Amino acid sequence: LKEISNYQLSRELYKIFDAKYGRKAVRYIVDLKSNRRLQDYNVGLEILAKHFKHFDIIEKFALCYAVNKKIPDNTCFDKVTLSKIQSILNVCEETKVWTKTNEQTVTPLDVFNYGADLLLSATKINHYLENNYPNITKKINKISKQLPIHSMADMKFHGADLVEANDGKTGSYIKEIMDELSKEVVLGLVENDYRVLRQRALELLNNQEGKTEGE
């Protein structure tokens, strides 16, 4: 097993993870202790032998790689798949502190900023890897259903509208103000309505210009 390249290993495991009887194959690997020869997959395979159906195929690889916090070099994945796995690993690390003994918990802003699907994958993996990590799947789904917007595309007022309202002037202020607007919409502080958001954007713009003049 030590002679197998990362490319070949990831390709064969992909077939197993995607197979109808993949869980049985993984259980055989663990029962034979063959997983101990597979450093990047050892712990992940042990978990998958018990909870195989709880993860989709991308999550299965992310679960394995989350142990060492990195994707092995020269795997068989294309750029899109690698990006998805890496995104899950990044969120796993950033949300690892959400334990049962920690006061921090998932918020509407977390669900909006990370995206519900990505957050569900990462927190599910942490739940099986970390001690005292809660299962917050239901909470994330509940928050997601209640969000007034799920992405910037859902906003009724956009960056182009802000530029137009500011006589065509562009700059870093656009992202800053739009980020603040989306935050206030998610938190229910302002309504996702064009006129309301335009008025609030102008207020933020005036405040920003006032700070610049003061400096």
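Everything in this summary refers to the structure shown in the same document. Here the structure is a predicted model, which is why all the values come from computation and not from measurement.

1. Concerning unusual backbone geometry
Among all residues save glycine, negative phi is the norm, and among peptide bonds the norm is trans.
Here comes step 1: Positive phi, close to 65°, is recorded for Lys69, a residue that is not glycine.
Here comes step 2: Among the secondary structure elements, Lys69 is positioned in the loop between α4 (57-66) and α5 (79-94).
Here comes step 3: Look at Asn74: it is not a glycine, yet its phi comes out positive at around 60°.
Here comes step 4: Along the chain, Asn74 falls in the loop between α4 and α5.
Here comes step 5: Residue Asn74 is classed as exposed on the basis of its relative accessible area, which comes to 64%.

2. Some thoughts on helix α2 (residues 22-31)
Here comes step 1: Every buried residue of α2 is accounted for by Gly22, Val26, Ile29 and Val30. Angularly, the buried residues of α2 cover 95° about the axis, an arc narrow enough to put them on a single face. Along α2, the residues that are exposed and aim more than 90 degrees away from the buried face are Tyr28 and Asp31.
Here comes step 2: The inward-facing, buried residues of α2 contact α1 (6-17) and α3 (42-51).

About the thresholds
Residues numbered from 1 in each chain as written. Predicted model: local features only at pLDDT ≥ 70, side-chain atom pairs only at ≥ 80, totals over all residues. Heavy atoms only, no water. Helix = DSSP H or I, 4+ residues; strand = E, 2+ residues; numbered from the N terminus. Buried < 20%, exposed > 50% of the residue type's maximum accessible area, 1.4 Å probe, protein only. Arc of directions from axis to C-beta. Contact = heavy atoms within 4.5 Å.

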